[in-house]
Amino acid sequence: QVQLVESGGGLVQPGGSLRLSCAASGRTFSMYAMGWFRQTPGKEREFVSAISPSGDFTADADSVKGRFTSSRDNAKGTTYLQMNSLNPEDTAVYYCAASDGGLRGLQMGMANYWGQGTQVTVSS
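Scoring rules and cut-offs
Residues numbered from 1 in each chain as written. Predicted model: local features only at pLDDT ≥ 70, side-chain atom pairs only at ≥ 80, totals over all residues. Heavy atoms only, no water. Salt bridge = Lys/Arg side-chain N within 4 Å of Asp/Glu carboxyl O. Buried < 20%, exposed > 50% of the residue type's maximum accessible area, 1.4 Å probe, protein only. Helix = DSSP H or I, 4+ residues; strand = E, 2+ residues; numbered from the N terminus. Pairing = 2+ DSSP bridges. Disulfide = S-S within 2.5 Å. Core = buried A, V, L, I, M, F, W, Y, C linked by side-chain atoms within 4.5 Å. Contact = heavy atoms within 4.5 Å. Axes fitted to C-alpha atoms, helices over the stretch in contact; angles between N-to-C directions. Polar contact = N/O pair within 3.5 Å; in protein donor to acceptor, adjacent residues only side chain to side chain.

Describing the pattern of salt bridges
Okay, step 1: Counted by the stated rule, this structure contains four salt bridges.
Okay, step 2: Between Arg 38 and Glu 46 there is a salt bridge, and its shortest N-O distance comes to 2.6 Å.
Okay, step 3: Classification of Glu 46 as partly exposed rests on a relative accessible area of 34%.
Okay, step 4: Residues joined by salt bridges that share partners form a network here, namely Arg 38, Glu 46, Arg 67 and Asp 90.

Some points on the pairing of strand 5 (residues 46-51)
Okay, step 1: Counted residue by residue, strand 5 has five buried out of six residues, so it is predominantly covered.
Okay, step 2: Bridging between strand 4 (residues 33-39) and strand 5 involves five bridges; their strand directions are antiparallel. By the bridge assignment, Arg 38 is partnered in strand 5 with Glu 46.
Okay, step 3: In textbook terms, the turn of a hairpin is the stretch between consecutive antiparallel strands, and for strand 4 and strand 5 this stretch comprises six residues, one of which, Gly 42, has a positive phi near 85°.

A short note on the state of the cysteines
Okay, step 1: Counting across every chain of the model gives one disulfide.
Okay, step 2: One disulfide bridge connects Cys 22 with Cys 96, the sulfur atoms lying 2.1 Å from each other. Torsion about the S-S bond of the Cys 22 and Cys 96 cystine: about -80°, corresponding to left-handed handedness. With a gap of 74 residues between them, Cys 22 in strand 3 (residues 18-24) and Cys 96 in strand 9 (residues 92-99) connect regions that are remote in the sequence. An identical accessibility class is assigned to Cys 22 and Cys 96; each is buried.

Brief notes about the nonpolar core
Okay, step 1: In this structure, Leu 4, Met 34, Phe 68, Leu 81, Met 83 and Tyr 94 are the most contacted members of the largest nonpolar core, which totals 34 residues.
Okay, step 2: Those elements that place two or more of their residues in this core are strand 3, strand 4, strand 5, strand 8 (78-83), strand 9, helix 1 (102-107) and strand 11 (118-122).
Okay, step 3: No other element matches strand 9, which puts five residues into this core.
Okay, step 4: If we skip the residues at most four places from it in the chain, Phe 68 touches Arg 38, Val 48, Asp 60, Leu 81, Gln 82, Met 83, Asn 84, Leu 86, Asp 90 and Tyr 94.

What about the sheet that holds strand 3?
Strands pair in a sheet through their backbones, by hydrogen bonds, and they do so in one of two ways: parallel or antiparallel.
Okay, step 1: Strand order across the open sheet formed by four strands is 1-3-8-7, with antiparallel pairing between neighbours. A strand with exactly one partner marks an edge of an open sheet, and here the two such strands are strand 1 (4-7) and strand 7 (68-73). Ignoring which end each strand starts from, the neighbouring axes of this sheet average 20° apart.
Okay, step 2: By the bridge criterion, six bridges tie strand 3 to strand 8 in an arrangement that is antiparallel. Paired with Ser 21 across the bridge in strand 8 is Tyr 80.

Structural notes on the side chain of Thr 118
Okay, step 1: Note on placement: Thr 118 falls in strand 11.
Okay, step 2: Owing to a relative accessible area of 12%, Thr 118 belongs among the buried residues under this scheme.
Okay, step 3: Within the structure, the side chain of Thr 118 is placed 3.4 Å from the backbone nitrogen of Gly 9, a separation counted as a polar contact.

So, in structure tokens, the structure goes:
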């Protein structure tokens, strides 16, 4: 069993930056690919970014490429989402996820474990 707890959400002005963190419990963190998803009211949850278990490979949605970056610290059992050049369209609840299906599994929306979500609001 893996429990995921996100933090770092909040209100930021357009053009600003935020870094989300996702802390995982358990000793198997390094076995999972980790991903980030987001959801707004009335829309399906969408893939944002993911990182391989070793941290050597990442995948990003086209809408965030060049602005968002996933990273991880396996010693700390934590994954991060650095978000730069934020715009109002990035406003959503952001969810962390862990998958034994690799980056491809996360890109297809498949995960073994999900966090509870953290709100990100981009507004002036």
